[in-house]
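Fold and contact review
Each chain, written out:
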Amino acid sequence: MRRGHGVALQRVRKAIRYVRRELHVERPLIHVKFKTDGVDLFVDQWGKLVNASTDGQLAMRGALESSLKRVDWDRNGLAVRIFPLVRSATDPQPKSIVIDPQRGFGRPTIVGTGIRVEIVVERYRAGESPSEFAADYRVPVELIDDAVRSELREAS
């Protein structure tokens, strides 16, 4: 949890103590499936998502679970890919940009291509039109737009 997700050791310890005390689980790291947002650890308790790192504070389940759907997990529950949000909250959120350590040296890339977002944005800032380099890369212009939008969103 610390290395794979960057959760602080203090929060991990607090979550383990909470699960032992409140859920009566002797070995939480073996028997409980934790979820994380990269800051806190959460557990399912009686159908509610509970922040185990903050002594059982209830989480906003809908918001957290929609964010967690943008993460691909391996069999051991470790995050292997993240799909950042690229559009406004009112628009549908495609998984068009991916952060994957196996592609682009862990930098954001356009899904299924390996084309790094920063390269697309450099061309955009140089004055090229998205339709030009969409044709160069043989990808839909919507993917180029999402790449530019995601990078510019990070900068603001």
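Placed above this text is the structure.
Residues numbered from 1 in each chain as written. Predicted model: local features only at pLDDT ≥ 70, side-chain atom pairs only at ≥ 80, totals over all residues. Heavy atoms only, no water.

**A word on the nonpolar core**
Heads up, the rule is: Buried Ala, Val, Leu, Ile, Met, Phe, Trp, Tyr and Cys residues that are joined via side-chain atoms within 4.5 Å together make up what is termed a nonpolar core. Here the term buried applies to any residue with accessible area under 20% of the maximum for its type, exposed to any over 50%, and partly exposed to those in between, with areas from a 1.4 Å probe on protein chains only. Helix numbering and strand numbering both begin at the N terminus, where a helix is a DSSP run of H or I of at least 4 residues and a strand a DSSP run of E of at least 2. In what follows, residue pairs with any heavy atoms lying within 4.5 Å of each other are defined as contacts.
Core analysis: the biggest nonpolar cluster contains 14 residues, and Ile97, Ile110, Val120, Ile144 and Ala147 have the highest contact counts within it. Of all the secondary structure elements, the ones that give two or more residues to this core are α5 (117–125), α6 (130–137) and α7 (141–155). Ignoring anything within four residues of it in the chain, the contact list for isoleucine 110 reads Ser96, Ile97, Ile115, Val117, Val120, Leu143, Ile144 and Ala147. Tyr18, Val25, Val32 and Val43 belong to the second largest nonpolar core, which has 13 residues in total.

**Things to note about the pairing of strand β3 (residues 48–51)**
How we decide: Strands were regarded as paired on the criterion that DSSP finds at least two bridges between them.
Of the pairings in the sheet, the one linking strand β2 (residues 41–45) to β3 comprises 4 bridges and is antiparallel in character. Bridge pairing links phenylalanine 42 to asparagine 51 in β3. Between β2 and the antiparallel strand that follows it, β3, lie 2 residues; tryptophan 46 among them carries a positive phi value of about 55°.

**Some points on unusual backbone geometry**
Backbone geometry places phenylalanine 105, a non-glycine residue, at a positive phi of 55°. Position of phenylalanine 105 among the secondary structure elements: in the loop between β7 (97–99) and β8 (108–110). If you check the backbone angles, arginine 138 has positive phi at about 60° while not being a glycine. Relative to the helices and strands, arginine 138 is located in the loop between α6 and α7. Under the relative-accessibility criterion, arginine 138 is labelled exposed at 77%.

**Examining the side chain of aspartate 146**
Note the following rule: Residues adjacent in sequence count toward polar contacts only when both atoms are side-chain atoms; beyond that, a polar contact is any pair of N or O atoms within 3.5 Å, and within protein one must be able to donate a hydrogen and the other to accept it.
Relative to the assigned elements, aspartate 146 resides in helix α7. Here serine 96 takes part through its side chain, which lies 2.8 Å from a polar atom of the side chain of aspartate 146. Once residues lying within four places of it in the same chain are set aside, the contact partners of aspartate 146 are Val86, Arg87, Pro94, Ser96 and Ile97.

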